[in-house]
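# Observations on the model geometry
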Amino acid sequence: GLSIQWGNNIWPMLVIRMLGTVIVYRAKRFHVTFTYVISFIFFAFIRSYLTGDAFLAEVAPLTGPMYQLFIFFMITDPATSPASRKGQVLMAAGIVIIDLLLHKVQTHSTLFYAGFIYFLARFCWLHIRQAGSLQKDWLSALRSSLLRWTAVSVLAFAATLTYRAGAIPHQT
């Protein structure tokens, strides 16, 4: 079924889908959204098969406002996505795979955790690669980025504690 945030009404979802599709197409990022949606549907089928839950129940989150915002505006953001088309496609599929794995542990907010895990891993990879590519004194370069690594880790830990403590409301 449709997401209850739309009042089980298809029209708001269709308007946002049409506008979002036009925007990502004109931004030349449609392949990112397309890859994410196709991957999500494929893994929803697998998740449905593995859990015995209805396929429509597994694919229904795509109709919610959170996913609309994510697939049209967040995952396609040029500032946070890889530069190459191949990297962008792998990013979209990777987030869906991480989301699938997280569903084995919990069912709430897995998209946000999957995105965070992917982008943290990408952040670490880019910094390690940068530090390794510096010919002279790569250890100093690594130390200079230590502050950023620490800040990201502290924020992630604080966000997880806040969420787990119930300070951020979530449905159960």
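Note on numbering: residues in each chain are counted from 1, in written sequence order. Totals for whole chains, interfaces and linings use all residues, but because this is a predicted model, local features are given only for residues with pLDDT of at least 70 and pairs of side-chain atoms are given and counted only at 80 or more. Side-chain metrics in this entry use all non-hydrogen atoms of the structure; hydrogen atoms and water are not considered.

### Observations regarding the nonpolar core
In terms of nonpolar packing, the biggest core is built from 24 residues, with Tyr36, Phe40, Leu62, Phe70, Ile75 and Ile95 touching the most fellow members. Secondary structure is summarised from DSSP: a helix means a run of H or I of at least four residues, a strand means a run of E of at least two, and numbering begins at the N terminus for each. When contributions to this core are tallied by element, the ones reaching two or more residues are helix 2 (30-51), helix 4 (65-74), helix 5 (85-102) and helix 6 (110-133). With 7 residues, the top contributor of residues to this core is helix 5. Nonpolar core, defined: a set of buried Ala, Val, Leu, Ile, Met, Phe, Trp, Tyr and Cys residues in which side-chain atoms within 4.5 Å join the residues together. Only protein chains enter the accessibility calculation, which uses a 1.4 Å probe; a residue whose area is less than 20% of its type maximum is buried, one above 50% is exposed, and one in between is partly exposed.

### Considerations on the packing of aromatic side chains
Only rings of Phe, Tyr and Trp enter the pairing, Trp through its six-membered ring, and a pair is recorded when the two centres are within 6.5 Å. The plane angle decides the type: under 30 degrees is stacked, over 60 is edge-to-face, the rest tilted. Under the counting rule described, the total for this entry stands at 8 aromatic pairs. For the ring pair Tyr36 and Phe70, a centre distance of 5.3 Å and an interplane angle of 65° mean the geometry is edge-to-face. Separated by 34 residues along the polypeptide, Tyr36 in helix 2 and Phe70 in helix 4 bring together distant segments of the chain. As far as the burial class goes, Tyr36 and Phe70 line up, both buried. Taken together, the ring pairs connect Tyr36, Phe40, Tyr67 and Phe70 into an aromatic cluster. A positively charged side chain is recorded as over a ring if its NZ (Lys) or CZ (Arg) lies within 6 Å of the ring centre. The angle to the ring normal must also be within 35 degrees. For Arg47, the ring lying beneath its charged end belongs to Phe40, and the centroid distance is 5.7 Å.

### Description of helix 4
For helix 4, the full list of buried residues reads Tyr67, Gln68, Phe70, Ile71 and Phe72. All buried residues of helix 4 fall inside an arc of 170° around its axis, so they share one side. In this description, the arc belongs to the directions extending from the helix axis to the C-beta atoms.

### With respect to the pattern of salt bridges
The term salt bridge refers to a side-chain nitrogen of Lys or Arg lying within 4 Å of a carboxyl oxygen of Asp or Glu. Applying the stated rule across the entire model yields 1 salt bridge. Arg47 is the salt-bridge partner of Glu58, the closest N and O atoms lying 2.5 Å from each other. Here the residue Glu58 occupies a position in helix 3 (residues 55-59), and Arg47 occupies one in helix 2, the gap between them amounting to 11 residues. Residue class for Glu58 comes out buried when judged on its relative accessible area of 10%.

### Observations regarding a nonpolar patch on the surface
A grouping of Val15, Met18, Leu19, Ile23, Met66, Leu69, Phe73, Met74 and Phe112 is seen on the molecular surface, where their side chains present a nonpolar patch of about 840 Å² in accessible area. Listed by contribution, the elements that provide at least two residues to the nonpolar patch are helix 1 (10-26) and helix 4. Mapped onto the secondary structure, Ile23 falls in helix 1. Patches were defined on residues exceeding 30% relative accessible area and lacking a salt bridge, with like-charge contacts within 9 Å and nonpolar side-chain contacts (Val, Leu, Ile, Met, Phe, Trp, Tyr) within 5 Å. Residue burial considers only the protein chains on display, and all accessible areas are found by Shrake-Rupley using a 1.4 Å probe.

### Side note on the environment of Lys104
Looking at the secondary structure, you find Lys104 in the loop between helix 5 and helix 6. The class of Lys104 is exposed, set by a relative accessible area of 71%. In sequence terms Lys104 and Thr51 are 53 residues apart; their C-alpha atoms lie 9.5 Å from each other.

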